[in-house]
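Coordinate inspection notes
Now for the letters of each chain:
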Amino acid sequence: MQDLLDSQIKPAKTINDHNGQPQDRRKAMQKRTFTRWMNVFLQRRDPPLKVCDLFTDIQDGRMLMALLEELSGCKLLYRFRSSSHRIFILNNISKALAFLDDRHVKLLGIDASGIADGIPSVVLNLVWNIILHFQVKEVMGGLRRHLSSSLSSLSLSTYPSTSDLSPQTGESDSYTCNTLPRKGKKAAKEPKYHSKAIKTLLHWVQRCTSKYGVDVDDFGASWRSGLAFLALIKSIKPELVDLRESWSKEPTENILHAFMVAHQCLDVPPLLEPEDCTSPDEQSIITYVSMFLGCHSVIDE
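Residues numbered from 1 in each chain as written. Predicted model: local features only at pLDDT ≥ 70, side-chain atom pairs only at ≥ 80, totals over all residues. Heavy atoms only, no water.

**Re the packing of helix α9 (residues 227-236) against helix α11 (residues 251-266)**
Across the interface, α9 lies against α11 with an axial gap of 8 Å and an inter-helix angle of 30°. Between α9 and α11, the angle is such that the two are roughly parallel. Crossing of α9 over α11 shows left-handed handedness. Mapping the contact onto sequence places Leu227, Phe229, Leu230, Ile233 and Ile236 in α9 and Asn254, His257, Ala258, Phe259, Val261, Ala262 and Leu266 in α11. Grouping the amino acids of the contact of α9 with α11 by side-chain chemistry returns 10 nonpolar, 2 polar and no charged. (Axes fitted to C-alpha atoms, helices over the stretch in contact; angles between N-to-C directions. Helix = DSSP H or I, 4+ residues; strand = E, 2+ residues; numbered from the N terminus. Parallel < 35°, antiparallel > 145°, perpendicular 65-115°, else oblique. Left-handed = near helix turned anticlockwise from the far one by under 90°. Contact = heavy atoms within 4.5 Å. Nonpolar A, V, L, I, M, F, W, Y, C, P; charged D, E, K, R; others polar.)

Given below as structure tokens:
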């Protein structure tokens, strides 16, 4: 009888996200990346702060307020009330959310109670929208203004049109870094990314990497080989990377080398692990790649 029952028990179905990878793995990757990203800014405080467990440490609102202070230059912690009572905890978080709402940061599906309870999906969604607004959107806005002023003095015929820069959907089952131009590829039916900031970031990356023959179609599969990271570094400081040697190397070796060079020579913190690039989470890749925008030579270029 027991054997019959055991034979009827089906293993739990693994739920995959929109990228085709298990949700638990994606959440773990985002948690690690977002925690490291937050700590980059929290370490600048006096005294420095550090998030150890994102889902727990954010629950009283203090770390959240401190992060927003560093990102915005505005004062929030004077409104923080240290208390174990839930009503005060919710009040702290609500103040931080109101601050974000005033700056038009997307808060759909995000509420104070979800953060106070440390619900992973709510916390990750909150931090991602903060990254998108302060790390990607604001910096890319400055870059767009810089490029617009630079391009206005040059012939527009030497640059792709807006339609030419629409992001294309890359192959998800293998990593490819092809030499441009891509005459044989069909245009995607619709853009992969709908956020203007992410589109602009992708266009900037494509401009940086294409001149070295590295094709970047997205923030997913295009980064598996490590060549995109190396080409991005080379576009910032050419002498740091010899791409001719990298084409024949294993992806893990390229990725490790790219992370090390970016950290030691460009002061770009290693937010990712090499294995994160095997099945890339796009939000994690975007978070890391956007850190390269802080390099002065990138803006100058």
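Now that the structure has been shown, the text picks up again.
**Points about unusual backbone geometry**
Negative phi is the rule for most residues except glycine; trans is the rule for most peptide bonds. Here Asp46 and Pro47 are connected by a cis peptide whose omega angle stands at 0°. By the secondary structure assignment, Pro47 is in the loop between α2 (23-42) and α3 (54-57). Even without a glycine there, the phi angle at His104 is positive, about 60°. Mapped onto the fold, His104 is located in the loop between α5 (86-102) and α6 (112-116). Assessed through its relative accessible area of 66%, His104 is described here as exposed. (Buried < 20%, exposed > 50% of the residue type's maximum accessible area, 1.4 Å probe, protein only.)

**Points about the pattern of salt bridges**
All chains considered together, the criterion is met by 7 salt bridges. With a closest N to O distance of 3.5 Å, Lys31 and Asp53 form a salt bridge. Here Asp53 lies in the loop between α2 and α3 and Lys31 lies in helix α2, a separation of 22 residues in the sequence. The exposure class of Asp53 is partly exposed, given its relative accessible area of 28%. Here Arg244 and Asp242 are joined by a salt bridge, their closest N and O atoms 3.3 Å apart. (Salt bridge = Lys/Arg side-chain N within 4 Å of Asp/Glu carboxyl O.)

**So, the nonpolar core**
The tendency in soluble globular proteins is for nonpolar side chains to be buried side by side. The biggest cluster of nonpolar side chains holds 84 residues, and the ones touching the most others in it are Trp37, Leu126, Ile130, Phe219, Phe229 and Phe292. Ranked by residue count, the leading element in this core is helix α7 (residues 120-151), at 12 residues. (Core = buried A, V, L, I, M, F, W, Y, C linked by side-chain atoms within 4.5 Å.)

**As for the packing of aromatic side chains**
Applying the stated criterion across every chain yields a total of 8 aromatic pairs. With 5.4 Å between their ring centres and 70° between their planes, Phe229 and Phe259 make a pair best called edge-to-face. Of this pair, Phe229 sits in helix α9 while Phe259 sits in helix α11, and the two are 30 residues apart along the sequence. Taken individually, Phe229 and Phe259 each receive the classification buried, so the pair is uniform in this respect. Chaining the aromatic ring pairs together yields one cluster made of Phe219, Trp223, Phe229, Phe259, Tyr288 and Phe292. One residue, Arg81, lies across the ring of Phe88, its end atom 3.9 Å from the ring centre. Seen from the ring of Phe99, Arg103 lies directly overhead, with NZ or CZ sitting 3.6 Å from the centre. (Phe/Tyr/Trp six-rings, centres within 6.5 Å; stacked < 30°, edge-to-face > 60°. Lys NZ or Arg CZ within 6 Å of the ring centre and 35° of its normal.)

**What to know about the side chain of Asp218**
Tracing the backbone through its elements, the reader meets Asp218 in the loop between α8 (196-210) and α9. Residue classification places Asp218 among the buried positions, given a relative accessible area of 4%. A distance of 3.1 Å separates polar atoms of two side chains, one belonging to Asp218 and the other to Ser222. (Polar contact = N/O pair within 3.5 Å; in protein donor to acceptor, adjacent residues only side chain to side chain.)

Honestly, it's all geometry; don't read function into it.
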